[in-house]
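Okay, here's what each chain looks like letter by letter:
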Amino acid sequence: ANLTSVMQVMPLAVTLGAALFFREPLGWRRMTAICAGLAGVLVIIRPGTTGFDQWSLVALLSVCLVVGRDLSTRRLARSVPSVTVAFWAATSVTLLGLVLSTQQAWQPVPLKAAILIAAAAVFVVTGYLFIIMVMRVGDIGFTAPFRYTALIWAVILAALVFDEAPDVWTILGALIVVGSGLFTLYRERQLRLRGIL
């Protein structure tokens, strides 16, 4: 739960980073909605302090690196294709995984697992491509809260794959996350109609 909690701070960190470093507008209403989304994440996972360990620090480092990637993507020259950036992002993750895999004993990979790994690789590269494309052209404060929807997908997949039904707290947290995302969409639309953004 703590690992998930640390990782879910990423959208807020990206939004704050964009406001601090790129001077992207972030009014108090959107900031409040993003904080409410973060509170919803905490309601879903209900982290305690006992689980905070070295893996939580790895997650915190991951958040910092992903925020750095997302913010630096905004400054890439338009001449650099997004596919190239996605390819090198996926390659760097693969190489780091290869280095870290030396710390474990290697096992034969069954055919079914190999197919799943190959499919995951395609989805990861595609996901990187979409993230990079959005970060290059979209308003970071507007797009970052959509990452909270990963929690909703996690709840759905847990129910379908692991037969785990969400409890009342999970449903409440998901409603808070969705509500904050919808409010952010509404607020962004209002500002665009007024010509502020």
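Just above, that's the structure.
Residues numbered from 1 in each chain as written. Predicted model: local features only at pLDDT ≥ 70, side-chain atom pairs only at ≥ 80, totals over all residues. Heavy atoms only, no water.

(A) Region of the structure containing the overall build of the chain. Helix and strand content of the chain: 9 helices and 0 strands. Helices (α) and strands (β) of the chain occur, in sequence order from the N terminus, as α-α-α-α-α-α-α-α-α. When each of the 197 residues of the chain is scored for burial, the buried share is 33%. A separation of at least 24 residues holds for 87% of the contacts in the chain among residues at least 6 apart in sequence. (Helix = DSSP H or I, 4+ residues; strand = E, 2+ residues; numbered from the N terminus. Buried < 20%, exposed > 50% of the residue type's maximum accessible area, 1.4 Å probe, protein only. Contact = heavy atoms within 4.5 Å.)

(B) The arrangement of helix α5 (residues 82-101) in detail. With 20 residues, α5 ought to run about 28 Å at 1.5 Å a step, and its terminal C-alpha atoms sit 28 Å apart, in line with that. Three or more residues of α5 are buried, namely Ser82, Val85, Ala86, Ala89, Ala90 and Thr91. Of the surrounding secondary structure, the elements contacted by the buried residues of α5 are α6 (111-137). (Expected span 1.5 Å × (residues − 1).)

(C) Expanded view of the nonpolar core. One finds Met10, Val14, Ala18, Phe22, Val63, Val66, Val67, Leu71 and Met135 forming the largest nonpolar core, which totals 9 residues. Secondary-structure elements contributing two or more residues to this core are α2 (10-21) and α4 (54-73). For this core, the element with the most residues is α4, which contributes 4 residues. Formed by 6 residues, the second largest nonpolar core is a distinct cluster that contains Val85, Ala86, Ala90 and Tyr128. (Core = buried A, V, L, I, M, F, W, Y, C linked by side-chain atoms within 4.5 Å.)

(D) Broad picture of the packing of aromatic side chains. For the structure shown, the criterion picks out 1 aromatic pair. With a centroid separation of 5.1 Å and 75 degrees between ring planes, the pair formed by Phe87 and Trp88 is classed as edge-to-face. With a relative accessible area of 53%, Trp88 lands in the exposed category. (Phe/Tyr/Trp six-rings, centres within 6.5 Å; stacked < 30°, edge-to-face > 60°.)

(E) The environment of Gly68, seen in detail. With respect to the secondary-structure elements, Gly68 resides in helix α4. Between the alpha carbons of Gly68 and Gly17 there is a distance of 8.8 Å; along the sequence they are 51 residues apart.

(F) Structural context of the packing of α5 against α6. Viewed as axis vectors pointing N to C, α5 and α6 meet at an angle of 130 degrees, and their least axial separation amounts to 8 Å. The angle between α5 and α6 falls in the class oblique. Judged by the twist between their axes, the crossing of α5 over α6 is right-handed. Listed contacts from α6 to Ser82, Val83, Val85, Ala86, Ala89, Ala90 and Val93 of α5 are Val125, Tyr128, Leu129, Ile132, Met133 and Arg136. (Axes fitted to C-alpha atoms, helices over the stretch in contact; angles between N-to-C directions. Parallel < 35°, antiparallel > 145°, perpendicular 65-115°, else oblique. Left-handed = near helix turned anticlockwise from the far one by under 90°.)

(G) Just the environment of Leu129, in detail. Looking at where Leu129 falls in the secondary structure, it is placed in helix α6. Spatially, the C-alpha atom of Leu129 lies 9.3 Å from that of Ala89, the residues being 40 residues apart in sequence. Residue contacts for Leu129: discarding those within four places in its chain leaves Ser82, Val83 and Ala86.

(H) Representation of the side chain of Ser180 within the structure. Tracing the backbone through its elements, the reader meets Ser180 in helix α9 (residues 168-194). For Ser180, a relative accessible area of 6% translates into the label buried. Other than its neighbours up to four places away in sequence, Ser180 contacts Ala33, Ala36 and Gly37.

(I) Inspection of a nonpolar patch on the surface at higher detail. Together, Trp153, Ile156, Leu157, Leu160, Val161 and Phe162 make up a nonpolar patch on the protein surface, roughly 700 Å² of accessible area in all. Judged by its relative accessible area of 54%, Trp153 is exposed. (Patch = residues over 30% accessible without salt bridge, like charges linked within 9 Å, V, L, I, M, F, W, Y side chains within 5 Å. Areas by Shrake-Rupley, 256 points an atom, 1.4 Å probe, with all protein chains shown as cover. Salt bridge = Lys/Arg side-chain N within 4 Å of Asp/Glu carboxyl O.)

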